Amino acid sequence: MANGFKTGGRVKGTPNKRKAIGKRIEEFLDYEWDNIQTYMEDMTSKEKTDLIVKLLPYATPKYTVRKSYNVHKQI
């Protein structure tokens, strides 16, 4: 930050790319949900699993582990 002013990066309120991509994938899945079974009929079990595993991170939130350190003060 130069002299307390923002000089680069995204403009405040601009969504990050992951949210935008996730939204598009969710819309695609909603639109194609009725046809997905037809698409997957020609896939092997491994291909089906790979597809699901690759798409899930875009449609579900990522969770992080928070470490909590309890500091006991003696009085």
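The following paragraphs examine the structure supplied in this document.

Cut-offs used in this document
Residues numbered from 1 in each chain as written. Predicted model: local features only at pLDDT ≥ 70, side-chain atom pairs only at ≥ 80, totals over all residues. Heavy atoms only, no water. Helix = DSSP H or I, 4+ residues; strand = E, 2+ residues; numbered from the N terminus. Buried < 20%, exposed > 50% of the residue type's maximum accessible area, 1.4 Å probe, protein only. Salt bridge = Lys/Arg side-chain N within 4 Å of Asp/Glu carboxyl O. Lys, Arg positive; Asp, Glu negative; His and termini not counted. Polar contact = N/O pair within 3.5 Å; in protein donor to acceptor, adjacent residues only side chain to side chain.

1. Concerning the overall build of the protein chain
In terms of helices and strands, the protein chain carries two helices and zero strands. Taken across its 75 residues, the protein chain has 8% of its residues classed as buried.

2. Focus: the pattern of salt bridges
Per the stated rule, a full pass over the model turns up one salt bridge. With its nearest N and O atoms 3.1 Å apart, the salt bridge here joins Asp50 to Lys46. A residue pair is termed a helical-turn pair when its members lie 3 or 4 positions apart in one helix, as Asp50 and Lys46 do in helix α2 (residues 45-59) at four residues. You can call Asp50 partly exposed: its relative accessible area is 30%. Lys46 sits in the exposed class, given a relative accessible area of 58%.

3. Considering the environment of Leu51
By the secondary structure assignment, Leu51 is in helix α2. By relative accessible area, Leu51 is classed as partly exposed at 28%. With 11 residues separating them in the primary sequence, Leu51 and Met40 have C-alpha atoms 9.4 Å apart.

4. Quick word on the side chain of Glu32
Considering the arrangement of structural elements, one finds Glu32 in helix α1 (residues 17-41). Buried Glu32, no salt bridge; nearest opposite-charge side chain is Arg24, N-O distance 12 Å. In terms of polar contacts, Glu32 uses its side chain to reach the side chain of Tyr39, at 2.6 Å.

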